[in-house]
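What follows is the residue order along each chain.
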Amino acid sequence: MPPGPVPGLRLTGLGGGLFCTVVMFLLGLLDQLLFGSSLTLYGVLFLPVCVLTALWVRGSDVLTAPVVVPIAFAVGLFPAVDGGGGLLGRLVGLVTGLATQAGWLYGGTLISGVIVLVRRVLWVRARRRRT
């Protein structure tokens, strides 16, 4: 095996956004079905998805990760909230869930942002060394 970086899974900015959104939607559905809308569990599951999204997006698109994770949180929260009363009840549950789970949302976005900044600095330094 030749020396150098090992190629790994890298997603485009759009791919990272789709990955994060689909995974959070599925986790929201699972949370609703298996645990009866445990929003704390949903928030805990959001953190590793943020880390994976920030790590798997390719270097040139890495700045998209902190943008897509809050959107994915809201998309996944829609099926996870207790939505008694149809669509309007689910929307009220979504707004309430966003308000009460803001700590998880901010924490996951912060984790993603820190990982992205470190990766971006390392990417720029490596690019400067090559030129």
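The present account deals with the structure reproduced in this document.

1. Some remarks on the overall build of the protein chain
Assigned secondary structure in the protein chain consists of five helices and zero strands. Ordering the α and β elements of the protein chain from the N terminus gives α-α-α-α-α. C-alpha extents for the protein chain along the principal axes are approximately 60 × 30 × 20 Å. Looking at the protein chain as a whole, 35% of its 131 residues qualify as buried.

2. Observations concerning unusual backbone geometry
Non-glycine residue S37 carries a positive phi angle of around 65°. Along the polypeptide, S37 turns up in the loop between α1 (13–35) and α2 (39–56).

3. Some words on the packing of aromatic side chains
Going through the model one piece at a time under the given rule, you end up with three aromatic pairs. Seen in terms of ring centroids, F19 and W56 are 5.3 Å apart; in terms of plane orientation they differ by 55°. Their pairing is tilted. Of this pair, F19 sits in helix α1 while W56 sits in helix α2, and the two are 37 residues apart along the sequence. Measuring from ring centre to ring centre gives 5.2 Å for Y42 and F73, while their planes differ by 55°; the resulting arrangement is tilted. Of the two residues, Y42 is situated in helix α2 and F73 in helix α3 (residues 65–80); the sequence distance between them amounts to 31 residues. An aromatic cluster is built from Y42, F46 and F73, whose rings are joined through pairwise contacts. Against the face of F78 rests R90, its NZ or CZ located 5.9 Å from the ring centre.

4. Points about the nonpolar core
Within the largest apolar cluster, 16 residues are counted, with the highest numbers of intra-cluster contacts made by C20, M24, Y42, F46, F73 and L77. Of all elements in the fold, only α1, α2 and α3 reach the threshold of two or more residues within this core.

5. Focus: the packing of α1 against α2
Relative orientation of the contacting elements α1 and α2 amounts to 160°, with a least axis distance of 10 Å. By the criterion of interaxial angle, the relationship of α1 to α2 is roughly antiparallel. α2 is crossed by α1, and the crossing has right-handed handedness. Contacts between α1 and α2 involve G16, F19, C20, V23, M24, L27, G28, D31 and F35 from the former and L39, L41, Y42, L45, F46, V49, L52, T53 and W56 from the latter.

6. Let's talk about the side chain of S37
A relative accessible area of 16% means that S37 is categorised as buried. Among the polar contacts listed, one links the side chain of S37 to the backbone oxygen of A80, at a separation of 2.6 Å. Ignoring anything within four residues of it in the chain, the contact list for S37 reads D31, Q32, A80, V81 and D82.

Here is what the cut-offs are and how they apply
Residues numbered from 1 in each chain as written. Predicted model: local features only at pLDDT ≥ 70, side-chain atom pairs only at ≥ 80, totals over all residues. Heavy atoms only, no water. Helix = DSSP H or I, 4+ residues; strand = E, 2+ residues; numbered from the N terminus. Buried < 20%, exposed > 50% of the residue type's maximum accessible area, 1.4 Å probe, protein only. Phe/Tyr/Trp six-rings, centres within 6.5 Å; stacked < 30°, edge-to-face > 60°. Lys NZ or Arg CZ within 6 Å of the ring centre and 35° of its normal. Core = buried A, V, L, I, M, F, W, Y, C linked by side-chain atoms within 4.5 Å. Axes fitted to C-alpha atoms, helices over the stretch in contact; angles between N-to-C directions. Parallel < 35°, antiparallel > 145°, perpendicular 65-115°, else oblique. Left-handed = near helix turned anticlockwise from the far one by under 90°. Contact = heavy atoms within 4.5 Å. Polar contact = N/O pair within 3.5 Å; in protein donor to acceptor, adjacent residues only side chain to side chain.

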